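As a plain string of letters, each chain reads:
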Amino acid sequence: MGMITIPREAASQGHAENQARLWCQQMEEGNILFFPQTPIALPEEDLHFLLTLEQNSSGLHKNLAYKPQLDRISGAEMKGADAAAGERLHHILREYSQHVTAFLASFLSPYQSRWQLDYGSFRPQEEQGRNLPLRRRNDLMHTDAFPTRPSRGARILRFFNNLHPTKTRDWITGEPFRRLAPQFAPQHIALPREQSTLTRVTARAACGMGLGWAIPALKRSPYDDFMMRFHNFLKENAAYQAQGKREAWFFPPGSSWMVYTDMVPHAVLAGQFALEQTYLVAPEAMVAPEHSPLAVLEGMTGERLV
Ligand code: SIN
Ligand code: FE
């Protein structure tokens, strides 16, 4: 798997539908789409604000999340003199989220915006040498799964901007899910099992009534459960971390990239100041659904997993 470079004109001037379809397919196969010059340029003064926020704000948390559904930021409980900075940060993240979403609506037109906007984030910390608990480390190879937000088969698509004025953001990526999963499951990690009809019907009903959050065990499908376990398994597997196949990528300042992080194992080794927006893309929108982790797992088990 590799990286597909998108020429600047293609990102800015529109393109044919079959070209957009090919990009969706390449991404669904496990490639990174790379924009040497980001299509989501920030106003100069906003960029400056983000790059100097750390020095100037005391109430700044390490991870700054933007929740588009609620139009709220978290991790920036800034009071007093910092309240204005909090407002401004909120504004910048909202604009970024909207801008990326508008861009992708046309750039990935075959998806017809059949996605749910998940969190966005600003990542002001230097990634190299961060001291995080093992399962939260992003410098260990992993596929993404969100403990609090099961996707029930929706795909995790993430769009990034490297805002650093001079430094690259350094990633490694590995073999895609369809090649990785069979190396470990079922010998080293148990495959998911289909739920009983009763559990499935109850789970559907609970989620349909908006009650899924109240009963996490129901909200999380067997697929979600496996994806969470797989995330942990990879991070905890020293042999895979040391010897697994990998490629290195150095995303330059001012570039953007996007990738299905639920299927492409990845780790960030160094870099500072990134913006990111996450989407949960509907499984029905896939142009090459056979590559999705859900299809791979259902193929391996012969069972329905959501
Ligand atoms: C991740 O592991 O999903 C984070 C990657 C990054 O922050 O560059
Ligand atoms: Fe990740």
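To be clear, the structure that these remarks concern was listed above.
For clarity, every value in this text was computed on a predicted model and none was experimentally measured. (Residues numbered from 1 in each chain as written. Chains lettered and ligands numbered in written order. Predicted model: local features only at pLDDT ≥ 70, side-chain atom pairs only at ≥ 80, totals over all residues. Heavy atoms only, no water.)

> Residue-level account of the coordination of the iron ion (ligand 2), with values.
Protein-derived coordination of the iron ion (ligand 2) comes from His142 (NE2), Asp144 (OD) and His266 (NE2), at a distance range of 2.1 Å. All donor residues of the iron ion (ligand 2) come from one chain, and their arrangement in sequence is H-x1-D-x121-H. With His142 in the loop between strand 5 (115-123) and strand 6 (155-162) and His266 in strand 10 (residues 266-270), this residue pair connects regions lying 124 residues apart in the sequence. Look at His142 and you get buried, because its relative accessible area is 2%. (Donors = N, O, S within 2.8 Å, 3.2 Å for Na, K, Ca; no water. Helix = DSSP H or I, 4+ residues; strand = E, 2+ residues; numbered from the N terminus. Buried < 20%, exposed > 50% of the residue type's maximum accessible area, 1.4 Å probe, protein only.)

> Describe the nonpolar core, with residues and values.
Judged by nonpolar contacts, the single largest core of 80 residues is most densely connected at Phe122 and Met258. When residues of this core are assigned to their parent elements, the largest contribution, nine residues, is made by helix 4 (residues 83-107). When neighbours within four sequence positions are excluded, Phe122 is seen to be in contact with Leu50, Leu53, Leu64, Leu89, Leu93, Leu163, Phe273, Ala274 and Leu275. (Core = buried A, V, L, I, M, F, W, Y, C linked by side-chain atoms within 4.5 Å. Contact = heavy atoms within 4.5 Å.)

> So what about the site of ligand 1? Which residues, and what values?
Taken together, Arg123, Asn138, His142, Asp144, Arg158, Phe160, Arg169, Trp171, His266 and Val268 are the residues near ligand 1. The contact in question runs from an oxygen atom of ligand 1 to an N or O atom on the side chain of Arg169, over 2.8 Å. His266 places a side-chain nitrogen or oxygen 3.2 Å from an oxygen atom of ligand 1. Burial of ligand 1 by the surrounding chains reaches 99%, relative to a free accessible area of 260 Å². Mapped by element, the contributors of at least two residues to the shell around ligand 1 are strand 6, strand 7 (169-173) and strand 10. (Near = heavy atom within 4 Å. Polar contact = N/O pair within 3.5 Å; in protein donor to acceptor, adjacent residues only side chain to side chain. Areas by Shrake-Rupley, 256 points an atom, 1.4 Å probe, with all protein chains shown as cover.)

> Summarise the packing of aromatic side chains; cite the residues concerned and give the values.
With the rule as written, the count across this model stands at 20 aromatic pairs. Ring centres of Phe160 and Trp257 lie 5.3 Å apart, and the angle between their planes is 5 degrees; this geometry places the pair in the stacked category. Residue Phe160 is located in strand 6, and its partner Trp257 is located in strand 9 (residues 256-260); the two are separated by 97 residues in the primary sequence. The buried category is assigned to Trp257, whose relative accessible area is 0%. Here the guanidinium or amino end of Arg149 rests over the ring plane of Tyr119, the centre of that ring lying 3.8 Å away. (Phe/Tyr/Trp six-rings, centres within 6.5 Å; stacked < 30°, edge-to-face > 60°. Lys NZ or Arg CZ within 6 Å of the ring centre and 35° of its normal.)

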